[in-house]
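Analysis of the macromolecular model
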Amino acid sequence: MTGKKYDWLLYSILAASFALSCALVFATRPKDGGLTFEAVRGGTVIERRRAAELTDGVALDLSSGAMTNIVASDPTGIRMVLANCPGGDCLRARPMKNAGDMIVCIPHKLIMRIVSSSVGAIDVMSY
Amino acid sequence: MEYRVKPPGKTKHMLIIAMFTSMAMVTGFIESRFPLPFPGMRLGIANIFPLTALILYGPAEAISVAGLRLALSFFLSGNIVALSCSAGGIIVSLPLSIALYEYFADVLSVPAISVASAFAFNAGQLGAIALLLGSWGVLAYLPPLLLCAAATGYAIGSLASMLARKLSSGKQT
């Protein structure tokens, strides 16, 4: 299992693409400040509120039609506590606590994330 | 192309593809039962078989194994989202592995090709998810997935290379 002549070149290209992806994510990461919880379904913001409002035990129902998604806050952060999506990957996702943290429920086309409040000064927006 | 074997007879050829596909499906199923620390993260053990098929027999066999596995997994699970994600990854990674192995096998090792393929798979998969969700925000997952792909891609490439060496030794084929 020995390497070949130009393995280093391929590994260098891959390392560069990894570094580029890290730089892009870091550059677009929200700045520190007050944190906002945001839920987006199909590209539309369906819920936005200050993360501080989501204290322990507070739950948010983000369900739509037959798609059930309920998030709640506990000492570890904001997590998905109930979802009827196949696979249930979102239920096993790490709780969100800091700016940039995200939970995605692909089958239900739902993205939940923590963003910097400086992005928008809206307290609550739901429809 | 050091492990490439002569094309077998028609029946044996069909049996080999069926065997590789079934092994890929079984390992993929077993792998999906293991909880992983990061959503969307997979070890990709099942990819050993299309890669071994590419090393031993050629692009047509690799495409057959990967395509059949994708289609049969969809028929068994009925999960269109999983199909879209896997298809997004395979559409990008399989042509890349084939091109790298067919044209640069003399200067690139199988583990290196496998790492490149794993990178491409994750990028393609996230691209498909971003299209499904209508948001490019999921690309924030790319760095940790690429980091995982580097490790799993190398391991899978090494295993595929070992398996191809064993199978091409003449005892099993």
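Reading the values: rules and limits
- Residues numbered from 1 in each chain as written.
- Chains lettered and ligands numbered in written order.
- Predicted model: local features only at pLDDT ≥ 70, side-chain atom pairs only at ≥ 80, totals over all residues.
- Heavy atoms only, no water.
- Contact = heavy atoms within 4.5 Å.
- Buried area = accessible area lost by both parts, 1.4 Å probe.
- Salt bridge = Lys/Arg side-chain N within 4 Å of Asp/Glu carboxyl O.
- Polar contact = N/O pair within 3.5 Å; in protein donor to acceptor, adjacent residues only side chain to side chain.
- Helix = DSSP H or I, 4+ residues; strand = E, 2+ residues; numbered from the N terminus.
- Nonpolar A, V, L, I, M, F, W, Y, C, P; charged D, E, K, R; others polar.
- Axes fitted to C-alpha atoms, helices over the stretch in contact; angles between N-to-C directions.
- Parallel < 35°, antiparallel > 145°, perpendicular 65-115°, else oblique.
- Left-handed = near helix turned anticlockwise from the far one by under 90°.
- Expected span 1.5 Å × (residues − 1).
- Buried < 20%, exposed > 50% of the residue type's maximum accessible area, 1.4 Å probe, protein only.

**Brief notes about the interface of chain A and chain B**
The interface is formed by 30 residues belonging to chain A together with 37 residues belonging to chain B. Between chain A and chain B lies a buried interface of about 2,600 Å² when both sides are counted; carbon and sulfur atoms form 72% of it. Summed over the shared surface of chain A and chain B, the result is zero salt bridges. Remark: the boundary between chain A and chain B carries five residue pairs in polar contact (both at pLDDT 80 or more). Of all the secondary-structure elements, those providing two or more residues to the side of chain A that touches chain B are helix 1 (7-27), strand 6 (102-105) and strand 7 (110-116) of chain A. Broken down by element, the residue count for the side of chain A that touches chain B peaks at nine residues, all from helix 1 of chain A. In terms of residue class, the side of chain A that touches chain B is made up of 18 nonpolar, six polar and six charged.

**Thoughts on the packing of helix 1 of chain A against helix 5 (residues 110-133) of chain B**
For any two helices packed against each other, one specifies the crossing angle of their axes together with the interaxial distance. Two elements in contact, helix 1 of chain A and helix 5 of chain B, have axes separated by 10 Å at closest approach and are oriented at 20 degrees. When the interaxial angle is binned, helix 1 of chain A and helix 5 of chain B end up roughly parallel. Helix-helix and strand crossings are classified by hand; for helix 1 of chain A and helix 5 of chain B the assignment is left-handed. Seen from helix 1 of chain A, the contacting residues are Asp-7, Leu-10, Tyr-11, Leu-14, Ser-17 and Phe-18 of chain A; seen from helix 5 of chain B, they are Pro-111, Ala-112, Ile-113, Val-115, Ala-116 and Phe-119 of chain B. Its residues placed into classes, the contact of helix 1 of chain A with helix 5 of chain B shows ten nonpolar, one polar and one charged.

**Remarks on helix 1 (residues 10-32) of chain B**
Residue and element names in this part refer to chain B. Taking 1.5 Å per residue as the helical rise, helix 1 with its 23 residues ought to reach 33 Å, and the 33 Å between its terminal C-alpha atoms agrees with that figure. Taken as a whole, helix 1 has its buried residues at Ile-16, Ile-17, Phe-20, Thr-21, Ala-24, Met-25, Gly-28 and Glu-31. The secondary structure elements touched by the buried residues of helix 1 are helix 2 (48-56), helix 3 (59-77) and helix 6 (142-167).

Keep in mind that these numbers describe shape and distance, not what the molecule does.
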